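# Structural characterization, general
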Amino acid sequence: MTEEPSVIFVFDYLCSFADLSRRRKSRRMASHQCCSNPPTLDPSSGVGHIEQLGGLSTYVTGSHSAKHAIILISDIFGYEAPKLRKLADEVAAAGYYVVVPDFIREPFVLENIAILPLEVWMKDHGTDKGFEESKLIIETLRSKGATAVGAAGFCWGGKVVSELSKYELIEAAVLLHPTWVTVDDIKGAKVPISILGAEIDNLCPPELLKQYEEVLTAQSKVDSFVKLFPKAEHGWSTRYDDEDEVAVKSAKEAKQDVLDWFAKHIK
């Protein structure tokens, strides 16, 4: 005769199932935010041009004679995003030589998410590879005469820039709505670092942003700036809705914060 499962066993099973469901829901929500409001890619966007840099196709804008270079590292949608290139052009207008390398190569396609989920796509588009390739970009920029290099990373790119900051490969770092960046990553920063986060963000929630700030403040070994943008959503700085006045204003504010940080530390 088969014994009835104990009440405790059933309760434990239900609790485990509920916890698994919560974790799966959390991952789905995070993935959804990472993919939300995808840009319409346009290879001809921007006032700059494409050239090979460090072995990668790269969007380049600004004067080649500028001694201060800035690398913008994209999110999962890659370097053909018009608003990312627009930002690159605006940073270049402040006197920098700005490069946006094609680290992604095969941008994530939201329409294909059913057959190629983000988690699967990431297996061939790891930030570790982006980090290694970014070192070649930096070497190339310095060989061309750049005396100081800054880097700003968006979502996926934020993780790459956090890694660069640990090895003093750049003079200043900016992370915008970063993804997969741990508190230990931030503890390891050895160059001035600015982190701009959104209030509505499951990938880098306000609580995590606060931990970043506390760690950086406690260490006091590098200059830091941490800012939360109220009502902003993950990806707001380069994937904002043009019809959303609040989002547009926040994106402009983030751009100014980026420019102010580089003006302070890229000299």
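In this report, we go over the structure that sits alongside the text.

## Side note on the pattern of salt bridges
Here the structure, examined in full by the defined rule, presents 15 salt bridges. Ionic pairing is found between E132 and K135, a salt bridge with its closest N-O pair at 3.1 Å. Pair noted here: E132 and K135 are both in helix α4 (residues 127–143), with a separation of 3 residues, about one helical turn. Residue classification places E132 among the partly exposed positions, given a relative accessible area of 43%. On the basis of relative accessible area, K135 is assigned to the partly exposed category, the value being 26%. K227 is the partner of D257 in a salt bridge, and the nearest nitrogen-oxygen pair spans 2.9 Å. With D257 in helix α9 (residues 245–265) and K227 in strand β8 (residues 224–233), the pair connects residues that are 30 residues apart, well separated along the chain. The exposure class of K227 is buried, given its relative accessible area of 18%.

## Topic: the pairing of β8
In this sheet, β8 lies alongside strand β7 (residues 193–200) in parallel orientation, the contact comprising 7 bridges. Paired with I193 across the strands is S224, a residue of β8. Crossover handedness for the path β7 to helix α7 (residues 206–219) to β8: right-handed.

## Focus on unusual backbone geometry
In this structure, R105 takes a positive phi of about 65° despite not being glycine. Summarising the element assignment, R105 is placed in the loop between β4 (97–101) and α3 (118–122). A relative accessible area of 39% means that R105 is categorised as partly exposed. Positive phi values are uncommon outside glycine, yet H177 reaches one of about 35°. Looking at where H177 falls in the secondary structure, it is placed in the loop between β6 (172–176) and α6 (183–187).

## Here we look at the pairing of strand β3 (residues 68–73)
Most of β3 sits inside the fold, with 5 of its 6 residues counted as buried. Summarising the sheet, β3 and strand β5 (residues 148–154) pair through 6 bridges and their orientation is parallel. In the strand pairing of β5, I71 is matched with A151. Sheet topology note: the β3/β4 ladder contains 3 bridges and is parallel. Of the residues in β4, the one forming a bridge with A69 is Y97.

## Looking at the side chain of T179
Mapped onto the fold, T179 is located in the loop between β6 and α6. Leave out the neighbours within four places in its chain, and T179 touches C155, W156, K159, L203 and H234.

## Points about the state of the cysteines
According to the stated counting rule, one finds 0 disulfides in the structure shown. No disulfide involves C35; its sulfur sits 5.5 Å from the nearest other cysteine sulfur, which is in C34. C35 gets classed as buried once you look at its relative accessible area, which sits at 2%. We note that C155 lacks a disulfide partner, and the nearest cysteine sulfur, in C34, lies 3.4 Å from it.

## What to know about the sheet that holds β7
Hydrogen bonds between backbone groups are what pair the strands of a sheet, and the pairing can be parallel or antiparallel. Here we have 8 strands laid out as an open sheet, ordered β1-β2-β4-β3-β5-β6-β7-β8, and mixed in their pairing. Either end of the sheet is taken by a strand with one partner, and the two such strands are β1 (49–53) and β8. Going from strand to strand, the sheet's axes swing by 25° on average, the running direction of each strand aside. Sheet topology places β5 next to β6; 5 bridges connect them, and they run parallel. Its bridge partner being in β6, F154 is matched across the sheet by L176. Its contacts with the sheet put helix α2 (residues 82–92) on β1, β2 (56–61), β3, β4 and β5, and the angle it makes with β2 is roughly 50°. Packed onto the sheet, α9 meets β3, β5, β6, β7 and β8 and runs at close to 170° relative to β8.

Reading the values: rules and limits
Residues numbered from 1 in each chain as written. Predicted model: local features only at pLDDT ≥ 70, side-chain atom pairs only at ≥ 80, totals over all residues. Heavy atoms only, no water. Salt bridge = Lys/Arg side-chain N within 4 Å of Asp/Glu carboxyl O. Helix = DSSP H or I, 4+ residues; strand = E, 2+ residues; numbered from the N terminus. Buried < 20%, exposed > 50% of the residue type's maximum accessible area, 1.4 Å probe, protein only. Pairing = 2+ DSSP bridges. Right-handed = clockwise from strand over helix to strand, strands pointing away. Contact = heavy atoms within 4.5 Å. Disulfide = S-S within 2.5 Å. Axes fitted to C-alpha atoms, helices over the stretch in contact; angles between N-to-C directions.

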